[in-house]
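Okay, here's what each chain looks like letter by letter:
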Amino acid sequence: KNEVEQSPQNLTAQEGEFITINCSYSVGISALHWLQQHPGGGIVSLFMLSSGKKKHGRLIATINIQEKHSSLHITASHPRDSAVYICAVRRPNNDMRFGAGTRLTVKP
Amino acid sequence: SAVISQKPSRDICQRGTSLTIQCQVDSQVTMMFWYRQQPGQSLTLIATANQGSEATYESGFVIDKFPISRPNLTFSTLTVSNMSPEDSSIYLCSVVVSHAANTEAFFGQGTRLTVV
């Protein structure tokens with residue numbers, strides 16, 4: 001079993017829909033990161049969470065430390081949100097373990 | 001924060017040759033990490049590169065294949081040696097920066113390597 005599990009693996013949505021991507025982990029962590037990977041491979045860090053909830057524009061990330069679960073929400077999705085979203089946990093020694101990613105396609 | 005410049009962004013290489021990937025950070029950082037993402041797979045840690053000491057490699061990765069240099073606190077290189085098509089992957093460097101009560105991770109833009 002992977003240390004970081006993401007669901008769904010693939011997600012197709014219509015423009016304007018509310019999107020949720022889930023992440024569960026099984027190891028002790030210092031923080032959890034949500035990353036966005038574009039087709040060229042470049043990675044952008046969206047959020048770093050150690051508790052609670054964060055919001056940035058149309059993106060919302062939550063984490064429940066007791067349940068070892070995090071969610072990434074996108075409100076009013078847009079085709080430019082199409083990318084691979086990766087959940088990553090940072091271990092106490094600072095290295096990271098990554099989920100397999102969720103490939104999101106938003107259709108106009 | 002930290003801004004990471006990773007080069008090259010992509011390359012196509014002949015099998016049997018070597019490629020060196022550079023990672024330059026705009027601030028001094030203690031810990032740098034190198035990751036690999038094979039096609040269709042998740043990112044996997046290759047090694048941790050700490051300045052002034054040998055890199056620490058994860059199981060399945062060896063120094064002869066992936067030599068790493070860390071000459072100072074702002075720079076590191078990863079070399080993919082004697083390449084084969086199986087080495088075709090995205091290679092990514094990352095740093096962890098601690099400031100005040102917060103610790104954050106930052107990522108390079110990745111190097112997409114194709115071995116033919």
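Okay, so let's go over this structure. (Residues numbered from 1 in each chain as written. Chains lettered and ligands numbered in written order. Predicted model: local features only at pLDDT ≥ 70, side-chain atom pairs only at ≥ 80, totals over all residues. Heavy atoms only, no water.)

### Some details on the interface of chain A and chain B
Then, number 1: Across the contact, 20 residues belong to chain A and 20 residues belong to chain B.
Then, number 2: When residues of chain A are sorted by the area they lose upon contact with chain B, I43(A), N94(A) and F98(A) head the list and together hold 32% of the total.
Then, number 3: Our count for the contact surface shared by chain A and chain B stands at one salt bridge.
Then, number 4: At the surface where chain A touches chain B, the tally comes to two residue pairs in polar contact (both at pLDDT 80 or more).
Then, number 5: Among the elements of the structure, β4 (31-37), β5 (43-49), β9 (83-90) and β10 (96-98) of chain A are those that each provide at least two residues to the side of chain A that touches chain B.
Then, number 6: Class assignment of the residues belonging to the side of chain A that touches chain B gives a composition of eight nonpolar, nine polar and three charged. (Contact = heavy atoms within 4.5 Å. Buried area = accessible area lost by both parts, 1.4 Å probe. Salt bridge = Lys/Arg side-chain N within 4 Å of Asp/Glu carboxyl O. Polar contact = N/O pair within 3.5 Å; in protein donor to acceptor, adjacent residues only side chain to side chain. Helix = DSSP H or I, 4+ residues; strand = E, 2+ residues; numbered from the N terminus. Nonpolar A, V, L, I, M, F, W, Y, C, P; charged D, E, K, R; others polar.)

### Here's the deal with the packing of aromatic side chains
Then, number 1: Scanning the model with the defined rule gives five aromatic pairs over all chains in all.
Then, number 2: Seen in terms of ring centroids, F33(B) and Y35(B) are 6.4 Å apart; in terms of plane orientation they differ by 35°. Their pairing is tilted.
Then, number 3: Relative accessible area serves as the criterion here: at 1%, F33(B) is assigned to the buried category.
Then, number 4: Looking at Y35(B), the relative accessible area reads 0%, which means it is buried.
Then, number 5: Ring geometry for F61(B) versus F66(B): centroids 5.6 Å apart, planes at 65°, classification edge-to-face.
Then, number 6: A relative accessible area of 9% means that F61(B) is categorised as buried.
Then, number 7: Judged by relative accessible area, F66(B) falls into the buried class, the value being 3%.
Then, number 8: By way of ring pairs, the aromatic residues F98(A), F33(B), Y35(B) and F107(B) are connected into one cluster. (Phe/Tyr/Trp six-rings, centres within 6.5 Å; stacked < 30°, edge-to-face > 60°. Buried < 20%, exposed > 50% of the residue type's maximum accessible area, 1.4 Å probe, protein only.)

On their own, these measurements won't tell you what the molecule is for.
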